[in-house]
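Structural overview
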Amino acid sequence: MEVLIVVLVILVVVLVIGAAMSVRVVKQYEQGVLFRLGRVLGARTPGLRIIIPFADVLHRVSLRIVTMPIQSQGIITQDNVSVDVSAVAYFRVVDAVKSVVAIENVYSAIDQIAQTTLRKVVGQHSLDQTLSETDKINLDIRKILDVSTVEWGVEVTLVELKDIQLPDTMKRAMAKQAEAEREKRAKIINAEGESLAAAALGEASDIMMAHPLALQLRNLQSLVEIGVDKNTTVVFPAPLMTTIAELGSFLAGEKAAAGLPAAPLVASQPVASAPVLVPAANGTPNGTHADRPTIEPD
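The sections below set out a description of the structure shown in this document. Small disclaimer: the values here were computed from a predicted structure and weren't measured. (Residues numbered from 1 in each chain as written. Predicted model: local features only at pLDDT ≥ 70, side-chain atom pairs only at ≥ 80, totals over all residues. Heavy atoms only, no water.)

Turning next to the packing of aromatic side chains. The tally for this structure, following the rule as stated, stands at one aromatic pair. Both rings, one in F91 and one in Y107, keep their centres 5.9 Å apart while their planes meet at 50 degrees; by these two values the pair is tilted. A residue pair is termed long-range when its members are at least 10 positions apart, and F91 in strand β7 (residues 82–93) and Y107 in helix α3 (residues 106–123) qualify at 16 residues. Under the relative-accessibility criterion, Y107 is labelled partly exposed at 34%. Taking NZ or CZ as reference, R64 lies 3.8 Å from the ring centre of Y29, over its face. (Phe/Tyr/Trp six-rings, centres within 6.5 Å; stacked < 30°, edge-to-face > 60°. Helix = DSSP H or I, 4+ residues; strand = E, 2+ residues; numbered from the N terminus. Buried < 20%, exposed > 50% of the residue type's maximum accessible area, 1.4 Å probe, protein only. Lys NZ or Arg CZ within 6 Å of the ring centre and 35° of its normal.)

Ranked by internal contacts, the top residues of the largest apolar core, which has 33 residues, are L118 and I141. Those elements that place two or more of their residues in this core are β2 (30–36), β6 (66–76), β7, α3, α5 (134–149) and β8 (154–165). Counting residues per element, this core draws most heavily on α3, which supplies eight residues. With sequence-adjacent residues up to four places away left out, L118 is seen in contact with I70, Q73, I75, V85, A87, I141 and L161. (Core = buried A, V, L, I, M, F, W, Y, C linked by side-chain atoms within 4.5 Å. Contact = heavy atoms within 4.5 Å.)

What follows concerns the sheet that holds β7. Strand pairing in a sheet is mediated by backbone hydrogen bonds. Such pairs are either parallel or antiparallel. Judged by pairing direction, the sheet is antiparallel, and its three strands sit side by side in the order β6-β7-β8 without closing on themselves. Each end of this open sheet is capped by a strand with a single partner; those strands are β6 and β8. For this sheet, the mean inter-axis angle between neighbouring strands, taken without regard to orientation, is 25 degrees. When β7 meets β8, the two strands line up antiparallel, connected through ten bridges. Residue pairing for β8: Y90 is matched across the bridge by L158. (Pairing = 2+ DSSP bridges. Axes fitted to C-alpha atoms, helices over the stretch in contact; angles between N-to-C directions.)

For the rest of this paragraph, the subject is α3. Taking 1.5 Å of rise per residue, 18 residues should cover 26 Å, and α3 covers 26 Å from first to last C-alpha, within 8% of that figure. Taken together, the buried positions of α3 are occupied by V106, A109, I110, D111, I113, A114, Q115, T117, L118, V121 and V122. If you check the start of α3, you find a side-chain oxygen 3.3 Å away from the backbone N of Y107, and it comes from N105. (Expected span 1.5 Å × (residues − 1). Polar contact = N/O pair within 3.5 Å; in protein donor to acceptor, adjacent residues only side chain to side chain.)

Positive phi is not limited to glycine here, since F54 has a value of about 65 degrees. Mapped onto the secondary structure, F54 falls in the loop between β4 (47–50) and β5 (56–62). Of the residues examined, F54 reaches a relative accessible area of 78% and is grouped as exposed. With a phi close to 65 degrees, N80 is a non-glycine residue in the positive phi region. When you line up the elements, N80 lands in the loop between β6 and β7. Accessibility expressed as a relative area gives 67% for N80, which makes it exposed.

A few words now on the pattern of salt bridges. This model, assessed by the stated rule, comprises six salt bridges. For E155, the salt bridge identified is with R92, shortest N-O distance 3.2 Å. Of the two residues, E155 sits in strand β8 while R92 sits in strand β7, which places them 63 residues apart along the sequence. In this structure, K184 and E181 form a salt bridge, with 3.4 Å as the shortest nitrogen-oxygen distance. Here the residue K184 and the residue E181 both occupy positions in helix α6 (residues 168–210), the gap between them amounting to three residues, near one helical turn. E181 gets classed as partly exposed once you look at its relative accessible area, which sits at 32%. (Salt bridge = Lys/Arg side-chain N within 4 Å of Asp/Glu carboxyl O.)

Take S99: it is sitting in helix α2 (residues 96–101). Discounting chain neighbours no more than four positions away, the residues touching S99 are V61, V93, V106 and W152.

This part covers the sheet that holds β5. Taken together, three strands build an open sheet; the order of strands is β3-β2-β5 and the sheet is antiparallel. The open sheet has two free edges, formed respectively by β3 (39–44) and β5, since each of these has just one partner strand. Neighbour-to-neighbour, the strand axes of the sheet open up by a mean angle of 25 degrees, direction not taken into account. Note that β2 and β5 share seven bridges and pair antiparallel. In the strand pairing of β5, F35 is matched with V57.

A cluster of nonpolar residues, V3, L4, V7, L8 and L11, forms a patch on the protein surface that exposes about 460 Å² of accessible area. For L4, the location among the structural elements is in helix α1 (residues 2–22). Relative accessible area serves as the criterion here: at 48%, L4 is assigned to the partly exposed category. (Patch = residues over 30% accessible without salt bridge, like charges linked within 9 Å, V, L, I, M, F, W, Y side chains within 5 Å. Areas by Shrake-Rupley, 256 points an atom, 1.4 Å probe, with all protein chains shown as cover.)

So, about the packing of α3 against α5. Packing of α3 against α5 brings their axes to within 10 Å, and their N-to-C directions diverge by 140 degrees. One element, α3, and the other, α5, form an angle in the oblique class. Handedness of the α3/α5 crossing: right-handed. Facing α3, whose interface residues are I110, I113, A114, T117, L118, V121 and V122, α5 presents I137, D140, I141, I144, L145, S148 and T149. Residues that form the contact of α3 with α5 fall into these classes: ten nonpolar, three polar and one charged. (Parallel < 35°, antiparallel > 145°, perpendicular 65-115°, else oblique. Left-handed = near helix turned anticlockwise from the far one by under 90°. Nonpolar A, V, L, I, M, F, W, Y, C, P; charged D, E, K, R; others polar.)

And the structure:
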């Protein structure tokens, strides 16, 4: 009787252990690959799965997107510049059976092929292209990886260059180039401004030639602007000396055209000429006294 109880206990324990070994749970983000006696029976969807202990093996494969950093690679560009480039790759398993059967370790394989592809693609571009055409480089790397990983049941969703390290000498050279480029732009803008100003001055000179009084009015405006600063010295341009006469002639002509009587002109006193000393025959000036010379007009 005791032997029978012991046997029953052993059977129950074996059944419990067998049940525990035959029950598998596949999570929602996973897919199971079932092997029976070493042969693939197919993929198993998420949920509770029963297998035969010691005969079946269930490999669970994650279908989530995996983020894999690509270590920094020392690369020589097409124009013989040494740079260190690091990147990051995003991929996911789309065929669980191939990812288990076709390759031993899919994560290690993708890491290695991503490094070699990064070195190959960047080495085919110059430094300027590497810095400015990162989107094109990312797309080229992704296309190459997709061709290689499709047989492994893996899809590369995204590849991005993360960091590009340049030598210090190259950084200084690029800084000088950028400074020279800015100076060139500043000189071009300055030259364009001078060209526009010269054109505007040419148009203004044409207008002043057509209207002579415009130049005189501009001179008067300049005097007003100079007077604001309370300067003690004022320089009169030569054409300004005839401004009053020209302005008077202009106003007289306007009044004559309008039929108004012209304003009487004030007679100006004649300006005496400078005296000239006329010497006498005896060597002294004419007059009753030698020290009082006779003054005659010119």
